[in-house]
Amino acid sequence: MKIFDGSSPKTSLINGEVSAGLIYGGEIALAMQNNPDIKVVYPKEPVYFAYDVFMKLKKAPNGTNVDKFINYMLAPKTSVKFSEAFPYYNPNKQAVKLLPKKLRDNPAVTVPNNVLARSQTVLNLGKETTKIDKVWNDFKGDQ
């Protein structure tokens, strides 16, 4: 069985409907809290690494407040609280030191350095994007 669920991909793992999945780290961390049999496995090959970012418009009407908000969210103590609620990878090294042991030791949350070293982010593929779309659509089939 294959399932494509962008809303709550962890649910199918927790419920035992699937035995493996390609899922965001935070979703796996939450799934592991619900089902200790779920484990994180990183391939030996290079992995795709995605992360969320804060951004502001160059001409943001309240740019100073945007900066204050971003700085507040990135402050280690605030960042830890955010990670506790949403256990995704936290690039803030000072915050990681403050994370509870269960998050700090969880490879879904604190991605091991050897995995980070062989990871890559999405590149602008330009016209080649259509090839990736085709492979993805072929893989999904009728889903």
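So, here is what we can say about the structure in this document. Note that the structure is a prediction, hence the values are computed from the model and not measured. (Residues numbered from 1 in each chain as written. Predicted model: local features only at pLDDT ≥ 70, side-chain atom pairs only at ≥ 80, totals over all residues. Heavy atoms only, no water.)

**Description of the overall build of the protein**
Phase 1: Each helix and strand in the protein was counted, giving eight helices and two strands.
Phase 2: From first element to last, N terminus to C terminus, the protein shows the α and β order α-α-β-α-α-α-α-α-β-α.
Phase 3: Expressed as lengths along the three principal axes of its C-alpha atoms, the size of the protein is roughly 50 × 40 × 30 Å.
Phase 4: Each of the 143 residues in the protein was classed as buried or not, and the buried ones make up 25%.
Phase 5: Restricting to contacts in the protein with at least 6 residues of sequence separation, those with at least 24 account for 43%.
Phase 6: Element-wise, carbon and sulfur atoms account for 57% of the exposed surface of the protein, whose accessible area totals about 11,000 Å².
Phase 7: Charge separation in the protein, taken as the distance between the mean sites of 20 positive and 13 negative side-chain charges, equals 10 Å. (Helix = DSSP H or I, 4+ residues; strand = E, 2+ residues; numbered from the N terminus. Buried < 20%, exposed > 50% of the residue type's maximum accessible area, 1.4 Å probe, protein only. Contact = heavy atoms within 4.5 Å. Areas by Shrake-Rupley, 256 points an atom, 1.4 Å probe, with all protein chains shown as cover. Lys, Arg positive; Asp, Glu negative; His and termini not counted. Charge placed at Lys NZ, Arg CZ, Asp CG, Glu CD.)

**Observations concerning the nonpolar core**
Phase 1: Counting residues in hydrophobic clusters, the biggest one holds 14 residues, and the most contacted among them are Leu13, Ile28 and Leu99.
Phase 2: Those elements that place two or more of their residues in this core are helix H2 (25-34) and helix H5 (93-98).
Phase 3: With residues near it in sequence (within four places) discarded, Leu99 still touches Val80, Ser83, Arg104 and Thr110. (Core = buried A, V, L, I, M, F, W, Y, C linked by side-chain atoms within 4.5 Å.)

**Things to note about the side chain of Ser83**
Phase 1: Tracing the chain through its elements places Ser83 in helix H4 (residues 76-85).
Phase 2: Reaching out from Ser83, the side chain makes a polar contact with the side chain of Asn90 at a distance of 2.9 Å. (Polar contact = N/O pair within 3.5 Å; in protein donor to acceptor, adjacent residues only side chain to side chain.)

**With respect to the environment of Lys10**
Phase 1: Mapped onto the elements of the fold, Lys10 is located in helix H1 (residues 10-14).
Phase 2: Looking at Lys10, the relative accessible area reads 18%, which means it is buried.
Phase 3: Through-space distance from the C-alpha of Lys10 to that of Met32 is 9.0 Å; in sequence the pair is 22 residues apart.
Phase 4: Filtering out sequence-adjacent residues up to four positions away, Lys10 remains in contact with Ile23, Glu27, Leu30 and Ala31.
Phase 5: Engagement of the side chain of Lys10 in a polar contact is seen with the side chain of Glu27, the distance being 3.3 Å.

**Points about the packing of helix H3 (residues 63-74) against H4**
Phase 1: At a minimum axis separation of 5 Å, H3 and H4 run at an interaxial angle of 70 degrees. Compared by their axis directions, H3 and H4 come out roughly perpendicular. Together, Tyr72, Met73 and Leu74 of H3 and Pro76, Thr78, Ser79 and Phe82 of H4 make up the contact between the two elements.
Phase 2: Looking at the contact of H3 with H4 residue by residue, the classes come out as five nonpolar, two polar and no charged. (Axes fitted to C-alpha atoms, helices over the stretch in contact; angles between N-to-C directions. Parallel < 35°, antiparallel > 145°, perpendicular 65-115°, else oblique. Nonpolar A, V, L, I, M, F, W, Y, C, P; charged D, E, K, R; others polar.)

**Re H3**
Phase 1: The end-to-end C-alpha separation of H3 is 16 Å, in line with the 16 Å expected for twelve residues at 1.5 Å each.
Phase 2: Taken residue by residue, H3 has Gly63, Ile70 and Met73 as its buried positions. On an axial view of H3, the arc spanned by its buried residues comes to 85 degrees, and they lie on one face. Exposed residues pointing more than 90 degrees away from the buried face of H3 are listed as Thr64, Lys68, Asn71 and Tyr72.
Phase 3: Tucked into the core, H3 has its buried residues touching H4. (Expected span 1.5 Å × (residues − 1). Arc of directions from axis to C-beta.)

**Describing the pattern of salt bridges**
Phase 1: Scanning the entire structure with this criterion turns up five salt bridges.
Phase 2: With its nearest N and O atoms 2.7 Å apart, the salt bridge here joins Asp138 to Lys134. Highlighted residues: Asp138 and Lys134, both in helix H8 (residues 129-140), separated by four residues, approximately one helical turn. Lys134 carries the same exposure label as Asp138, and that label is exposed. (Salt bridge = Lys/Arg side-chain N within 4 Å of Asp/Glu carboxyl O.)

This is a description of form; function is not addressed.
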